[in-house]
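The residues making up each chain are set out below.
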Amino acid sequence: MTDFSGKTALVIGGSRGIGAAIVRRLAGDGAAVTFSYAGSAEASAALAAETGSKAVQSDAADRDAVIALVAGAGPVDILVVNAGAAVLGNPLELDADTVDRMIDINVRAPYHAAVEAARQMPEGGRIVVIGSVNGDRIPFEGAAAYALTKSAIQGLTRGLARDFGSRGITVNAVQPGPTDTDMNPGDGPMSDMMHSFMAIKRHARADEVAGMVAYLAGPEAGIVTGALHTIDGGFGA
Ligand code: NDP
C-alpha cells in the first residue's frame, strides 16, 4: 500500500480493465481520483460508487476534449494515461480511419494530456503512461500499427521527462505484457500463442499492473523518470 492521502489523480480511460484496477488502487490508497471513459457509462458509475471517485465521459480520440478534460481537472498530483485501443490484422486490409483513430487514442491523447497536466501540476508531480511490451517486441503478425503507437510512448516518456525534470515531475511508461482484460482475455484465442513467448506462462492480472503504477506514482519513485517499466512475465526477455 502507498499513502496517497491528500493527493489528486486523473486517470484517462479508467472504466474497465487495467484502468479500473488503477482507479481502485489509487483511490484505495487514499487519492481523490477522477477518471474518464468513452462508452462504458454503467461500469463507470458502478466503479465511481465503489471507489468514491468521479467519472467523466470524454473521448480520448478527440484532442480538444482531452485538453479540456485535463485543464478542467485542475492541478493534479498524478496523471495516468491508460486509455488504449488495439487494432490488429493484416495491414493491407485494415481500415485506414480505424488505424488513425487508434493513433489518436494511443499517441496523441497521452502527449497532449501530459503536456496539459504539466501546465498546472505541482512540483513533484507524477505522469504515468501505459505503453506495452509490444513497443519493444512484436513476435507475431498483424500488430504493426499497434506497435508503432506503443513505441511512440517510449519517445514521449523520455522527452517529457527531460522537459519537466527541473520541476521534479517524473514521466514514466508502464509496459504490460498480456494482461487479462476485455482487450486481451486470459482465455482468449491468442492466449496459448502469447504464453509461448513468456517465461511465466499466464496473463498478468490488472491489479499487478496497477501495483507498478502505484509505485511510480508514489513517494519512493521521486528519482525514477524517463524510463520504461516492463511487466510482462518475460514476454520481451
Ligand atoms: P480494455 O479494452 O479492457 O479497456 C480500455 C479502457 O480504455 C476502458 O476503460 C475504455 O473506456 C478506455 N478507452 C478506450 N478508448 C477510449 C477513448 N476513446 N476515450 C476514453 N477512454 C477510452 O483495455 P486494457 O485494460 O487491456 O488496456 C489498457 C491499456 O493497457 C491500453 O493502453 C492497452 O494498450 C494497454 N495494454 C494492454 C495489454 C493487455 O494485454 N490487456 C497489454 C499491453 C498494454 P470504455 O470502457 O468507456 O470504452
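Given the structure is predicted, the values throughout are model-derived calculations rather than measurements.

Scanning the chain from terminus to terminus reveals seven helices and seven strands. The order of α-helices and β-strands along the chain, N terminus first, is β-α-β-α-β-α-β-α-β-α-β-α-α-β. The C-alpha radius of gyration computed for the chain amounts to 17 Å, which stays within 12% of the reference 18 Å derived for 237 residues, consistent with globular compactness. In terms of principal-axis extent, the alpha carbons of the chain reach across some 45 × 40 × 35 Å. The buried share of the chain, taken over its 237 residues, is 51%. In the chain, once contacts between residues fewer than 6 apart in sequence are set aside, the share between residues at least 24 apart is 71%.

A separate point is the pattern of salt bridges. Summed over all chains, the structure comprises 10 salt bridges. Measuring nitrogen to oxygen at the nearest pair gives 2.8 Å for the salt bridge that ties Asp-182 to Arg-16. Of this pair, Asp-182 sits in the loop between strand 6 (170–176) and helix 6 (191–195) while Arg-16 sits in the loop between strand 1 (8–12) and helix 1 (17–28), and the two are 166 residues apart along the sequence. Since its relative accessible area comes to 55%, Asp-182 is described here as exposed. Arg-16 gets classed as partly exposed once you look at its relative accessible area, which sits at 44%. The shortest N-O distance in the salt bridge between Arg-25 and Asp-29 comes to 2.8 Å. For Asp-29, a relative accessible area of 8% gives the class buried.

Another point: the nonpolar core. Of all hydrophobic cores here, the largest spans 30 residues; its most connected members are Val-11, Ile-22, Leu-26, Val-33, Val-80 and Val-174. Contributions of two or more residues to this core are made by strand 1, helix 1, strand 2 (32–37), helix 2 (41–51), strand 4 (78–81), strand 5 (126–130) and helix 7 (206–217). Not counting the four nearest positions on each side in its chain, Val-80 is found in contact with Leu-10, Val-11, Ile-12, Ile-22, Leu-26, Val-128, Ile-130 and Val-213.

Axes are the key here: two packed helices are described by the angle between their axes and the distance separating the axes. Helix 7 packs onto helix 1 with a crossing angle of 55° between their chain directions and a minimal axis gap of 8 Å. With respect to their mutual orientation, helix 1 and helix 7 come out oblique. Two packed elements cross with a definite hand, and for helix 1 against helix 7 that hand is right-handed. Of helix 7, the residues touching helix 1 (which contributes Gly-17, Ile-18, Ala-21, Ile-22 and Arg-25) are Ala-206, Asp-207, Val-209, Ala-210, Gly-211, Val-213 and Ala-214.

With that settled, the discussion passes to the environment of Ala-147. Structurally, Ala-147 can be placed in helix 5 (residues 144–164). Distance from Ala-147 to Ala-86, taken between C-alpha atoms, is 9.3 Å for residues 61 residues apart in sequence. Those residues in contact with Ala-147, other than ones at most four positions away along the chain, are Asn-134, Gly-135 and Ile-138.

Time to look at the side chain of Thr-170. Relative to the helices and strands, Thr-170 is located in strand 6. Given a relative accessible area of 2%, Thr-170 falls into the buried group. Thr-170 has contacts with Gly-125, Arg-126, Ile-127, Leu-216, Ala-221, Gly-222, Val-224 and Thr-225, leaving out every residue within four places of it along the chain.

This next bit is on the packing of helix 3 (residues 63–72) against helix 4 (residues 96–120). Following both chains from N to C, one finds helix 3 and helix 4 inclined at 30°, their axes separated by 9 Å at the closest point. In terms of orientation, helix 3 and helix 4 fall into the roughly parallel class. Considering how the two elements wind past one another, helix 3 and helix 4 form a crossing that is right-handed. Counting all contacts with helix 3, which are made through Arg-63, Val-66, Ile-67, Val-70 and Ala-71, the residues of helix 4 involved are Arg-108, Ala-109, His-112, Ala-113, Glu-116, Ala-117 and Gln-120. Class assignment for the residues of the contact of helix 3 with helix 4 results in seven nonpolar, two polar and three charged.

About the thresholds
- Residues numbered from 1 in each chain as written.
- Predicted model: local features only at pLDDT ≥ 70, side-chain atom pairs only at ≥ 80, totals over all residues.
- Heavy atoms only, no water.
- Helix = DSSP H or I, 4+ residues; strand = E, 2+ residues; numbered from the N terminus.
- Rg over C-alpha atoms; globule rule 2.2 N^0.38 Å.
- Buried < 20%, exposed > 50% of the residue type's maximum accessible area, 1.4 Å probe, protein only.
- Contact = heavy atoms within 4.5 Å.
- Salt bridge = Lys/Arg side-chain N within 4 Å of Asp/Glu carboxyl O.
- Core = buried A, V, L, I, M, F, W, Y, C linked by side-chain atoms within 4.5 Å.
- Axes fitted to C-alpha atoms, helices over the stretch in contact; angles between N-to-C directions.
- Parallel < 35°, antiparallel > 145°, perpendicular 65-115°, else oblique.
- Left-handed = near helix turned anticlockwise from the far one by under 90°.
- Nonpolar A, V, L, I, M, F, W, Y, C, P; charged D, E, K, R; others polar.

Read these as geometric descriptors, not functional statements.
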